[in-house]
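Next come the chains, spelled out residue by residue.
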Amino acid sequence: MLSPRIRAHGRAFAHIAEFHPELTALRRDLHAHPEIGFEEHYTARRVVEALKVCGVDEVHTGIGRTGVVAVIHGRQRTSGRMIGLRADMDALPMTEHNDFAWKSSRPGMMHGCGHDGHTAMLVGAARYLAETRQFDGTAVLIFQPGEEGFAGAKAMIEDGLFDRFPVQSVYAMHNWPQMKPGTVGINPGPMMAAADRITIEVSGKGGHGAHPYLTVDPVLVSAHIITAVQSIVSRNVRAIDSAVISLCSMQAGDPGAFSVVPGKATLVGTVRTFNPDIQSLVERRLAEVCSGVAMGLGATAHVQYDRVYPATINSAPEARFAADVAQRLLGHEHVVRDMEPSMGAEDFSFMLQVKPGAYLRLGQGGEGSCMLHNSRYDFNDEVLPLGAALHAGLIEQGMPLSGATD
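Note that residues are indexed from 1 along each chain, following the sequence as it is written. Given that the model is predicted, a residue must reach a pLDDT of at least 70 before its local features are reported, and side-chain atom pairs must reach 80 or more before they are shown or counted; all residues, however, enter totals for whole chains, interfaces and linings. No hydrogens and no water enter the side-chain calculation; it runs on all heavy atoms of the structure.

1. Re the overall build of the chain
Numbering of helices and strands starts at the N terminus; helices are DSSP runs of H or I of at least 4 residues and strands are runs of E of at least 2. Of regular secondary structure, the chain possesses 11 helices and 16 strands. Relative to its length of 406 residues, the chain is compact, with a C-alpha radius of gyration of 24 Å against a globular reference of 22 Å. The criterion used for residue contact is that any of the two residues' heavy atoms lie within 4.5 Å. In the chain, once contacts between residues fewer than 6 apart in sequence are set aside, the share between residues at least 24 apart is 82%. A residue counts as positive if it is Lys or Arg and as negative if it is Asp or Glu; His and the chain ends are not included. Lys charges are placed at NZ, Arg charges at CZ, Asp charges at CG and Glu charges at CD. Distance between charge centres in the chain, computed from 35 positive and 43 negative side chains, equals 2 Å. For the radius of gyration, the atoms used are the C-alpha atoms, and the globule rule reads 2.2 Å times the number of residues raised to 0.38.

Given below as C-alpha cells:
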C-alpha cells in the first residue's frame, strides 16, 4: 500500500497505483540480481519481457551494448513530436549489508543507488502509456546501462540512439533519500557537477630511510603537493563559483619496508566543477602547481587529467516544464524549483549535451534514510507509482491530445 504521506493527483497516478504490487515485485527482483556496467544481461531480459507484456509498439535491444529502447505511439501522431525518458539499470561493485528477502544474491554487487527503482518506474510508465495512449506523438523509453562510471549514456549515443530515435527533448529522474517521499526537486540550470579523475605521478630518488639526505623523497613531495593543491580553489576560483579538488588515494613504497624511501608515489583524486572555464582553469593550475612544487624539492610530477563526465545542466524551458508537470501531480508546496546542485556526477549529462531536457530528483527518504552508495541502502517502493506517473505526465503534457484534460 502507498504511504499516507504520499498524495498525488491525476488519472495516471491512480491508474498506475493499481499495479503497484507488480512494480514492487519487479523492483525487488532486479535488486536481488544486480549487474554492473555493460553486464546487465539479466536486467535487460527482464525489462524486455516486461515491456512486451506492457504492449509497447517496439522494443530495441543491444544499443550501447546492453541498452534497451521501447517505443510507444500515442493515440495520434499528428504533432510529429517525440520525447525521451531515461532510466539507468546498473548496480554498484559493493557488498550489501541488508537482511531482507530481496537482498543481493551476487557477492560484491549491489543496487546501492536505486537504479532498480528507476528501471521499475519507467516500466510502470510504459505500461500506463501503452494502455492509455493519451498523447499525440511518440514516447521513447531509454533503459541505459553503465551509468556508474562506464559512461553508458555516451555509449548509447555513439551507437546511434538519437539518430534512430530523434527526440526533441529527454528527461530523467533520480531518487533522493534526503528528500521526503512525495516531493520533487529541480533546478533550471546545473544539477550535477562534472566529474574528472586526476592521477599525479611523483618521481624522486629512492634510498635508505636512515640516510634521507641521499634521496629525493617522493612521499615528502607528495605531502607538499597535497597541501598546495588545496590552494587552487581558494586562491584561483571566485568565491561565487564552485569547484572541489579531492586527493583521495596515495600509493608509495611497501608497508613492510619501513626503512626504504621509495622512488615514486602516486596520488589519485577527483575534480568537480560546473563551469567549463573553471574546469579548464583547475586543470591548468594543477599541472603548474604540482610541477612547481616537485621541482622546488628536486623531484618531478606529471598530472594526468581525465574528463570523465561533464556537468549535468538542465535547459531552462524543459526544467520549467518538468517542474510544472510535477506541480500538477503533487501541488506547488511539494516541488522545489531551485534545488541546490550536487557536486556528485551523472552521465545523463551526455544526453543533455545533445538534446534539451531536464534531470529531476524524486524524494524517497527523509530523516533516517541511508544515503546513496551506502551498503544498507534500499529503494523506497512506496514512490514507484509516483515516479512512473511523473514520467507519464512528461509525455502526456509534453505531447497533449487536442482538448485533452487530466
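Resuming the write-up.
2. Let's talk about the sheet that holds strand β3 (residues 82-88)
Pairing is mixed across the open sheet formed by eight strands, whose spatial order is β1-β2-β4-β3-β5-β16-β6-β15. What marks the edges here is a single partner per strand, and that holds for β1 (58-63) and β15 (335-336). The pairing criterion is simple: DSSP has to find at least two bridges between the two strands. As defined by bridge partners, strand β6 (residues 184-185) adjoins strand β16 (residues 357-363) across two bridges and the pair is classed as antiparallel. Counterpart to V184 in the pairing with β16 is L362. Contacts between helix α9 (residues 316-330) and the sheet are confined to β5 (169-176), β6, β15 and β16, with β16 contributing the most and set at about 35 degrees to the helix. In the packing of helix α11 (residues 384-398) onto the sheet, the strands contacted are β3, β4 (138-144), β5, β6 and β16, and the crossing angle to β3 comes to about 165 degrees. As a rule, the C-alpha atoms of each element are fitted with a line to give its axis, helices using only the stretch in contact, and angles between N-to-C directions run from 0 to 180 degrees.

3. Overview of helix α4 (residues 115-132)
For α4, built from 18 residues, the straight-helix expectation of 26 Å at 1.5 Å per residue is met to within 8% by its first-to-last C-alpha distance of 26 Å. When accessible area is computed with a 1.4 Å probe and restricted to protein chains, residues below 20% of their type maximum are described as buried, those above 50% as exposed, and intermediate ones as partly exposed. Summarising burial for α4: 16 of the 18 residues are buried, a large majority. Phi turns positive, to about 55 degrees, at R133, one or two residues after α4. The length a helix should cover is 1.5 Å for every residue beyond the first.

4. Topic: helix α2 (residues 20-32)
With 13 residues, α2 should cover 18 Å at 1.5 Å per step; its first-to-last C-alpha distance of 18 Å lies within 8% of that length. Taken together, the buried positions of α2 are occupied by H20, L23, T24, L26, R27, D29, L30, H31 and A32. Tucked inside the fold, the buried residues of α2 contact α1 (11-17), α3 (41-54), α4 and α11.

5. So, the packing of helix α7 (residues 218-236) against helix α8 (residues 276-296)
The N-to-C vectors of α7 and α8 enclose an angle of 145 degrees; their axes lie 9 Å apart at closest approach. Crossing of α7 against α8: the hand is right-handed. Side by side, α7 and α8 meet where V221, H224, I225, A228, V229, I232 and N236 of the first sit next to L281, R285, L286, V289, C290, V293 and A294 of the second. With the far helix as reference, a near helix turned anticlockwise by less than a right angle produces a left-handed crossing, and one turned clockwise produces a right-handed crossing.

6. A short note on the UniProt feature "domain: Peptidase M20 dimerisation" (unreviewed entry) in the chain
UniProt positions are given in the numbering used here, feature names are shortened, and annotations may be inferred rather than shown by experiment. When the UniProt feature table is mapped onto this chain numbering, "domain: Peptidase M20 dimerisation" (unreviewed entry) sits at residues 198-276. As annotated, residues 198-276 comprises 25% helix and 38% strand, and the C-alpha atoms at either end are separated by 16 Å.

7. Observations regarding the sheet that holds strand β13 (residues 300-309)
Read from one edge of the open sheet, four strands run β10-β12-β8-β13, paired in antiparallel fashion. The strands lining the two open edges of the sheet, one partner per strand, are β10 (243-252) and β13. Here the strands of the sheet are splayed against their neighbours by 20 degrees on average, with no regard to which way each runs. Strand direction decides the pairing type here: β10 and strand β12 (residues 264-273), joined by nine bridges, are antiparallel. Among the inter-strand pairings, Q251 is bridged to a residue of β12, identified as T266.

8. Observations concerning the side chain of E96
Following the sequence through the fold, E96 ends up in the loop between β3 and α4. By convention in these notes, a salt bridge is any Lys or Arg side-chain nitrogen within 4 Å of a carboxyl oxygen on Asp or Glu. One buried charge, E96, has no salt-bridge partner; the nearest side chain with opposite charge is R27, at 7.3 Å. Contact partners of E96, with chain neighbours within four places excluded, come to H31, K103, S104, M110, S375 and Y377.

9. A closer look at the nonpolar core
In summary, soluble globular proteins display a tendency toward joint burial of nonpolar side chains. Side-chain atoms within 4.5 Å are what join buried Ala, Val, Leu, Ile, Met, Phe, Trp, Tyr and Cys residues into a set we call a nonpolar core. Within the largest apolar cluster, 70 residues are counted, with the highest numbers of intra-cluster contacts made by L51, I72, L129, L141, F143, L390 and I395. Broken down by element, this core gets its largest block of residues, nine residues, from α4. Beyond its immediate chain neighbours, meaning those up to four positions away, L390 contacts M173, V184, V325, A326, L329 and L360. By size, the runner-up hydrophobic cluster in this structure holds 26 residues, among which are I225, L267, L286 and V289.

10. Some remarks on the side chain of H391
In this fold, H391 is placed in helix α11. What makes H391 buried here is its relative accessible area of 1%. Filtering out sequence-adjacent residues up to four positions away, H391 remains in contact with L85, R86, M121, L122, A125 and M173.

11. A look at the pairing of β5
Counting buried positions along β5 yields eight of eight residues, so the element is predominantly enclosed. Residues of β5 alternate between two faces, with S169, Y171, M173 and N175 on one and V170, A172, H174 and W176 on the opposite face, all of them buried. Examined bridge by bridge, β3 and β5 share four bridges and lie parallel to one another. Across the sheet, the residue bridging to L85 is Y171, located in β5.

12. Structural notes on a nonpolar patch on the surface
In this scheme, patches are assembled from residues that exceed 30% relative accessible area and form no salt bridge. Like charges are connected within 9 Å, while nonpolar side chains (Val, Leu, Ile, Met, Phe, Trp, Tyr) are connected within 5 Å. Only the protein chains shown count as covering a residue, and every accessible area follows the Shrake-Rupley method with a 1.4 Å probe. Taken together, V219, I226 and M250 make up a surface patch of nonpolar side chains, about 190 Å² in accessible area. Checked against the element boundaries, V219 lands in helix α7. According to the relative accessible area criterion, V219 is partly exposed, its value standing at 32%.

13. Considerations on the environment of L281
With respect to the element layout, L281 can be found in helix α8. Considering only alpha carbons, one finds L281 and E333, 52 residues apart in sequence, at a separation of 40 Å. Not counting residues up to four positions away in its chain, the partners in contact with L281 are N236 and V237.

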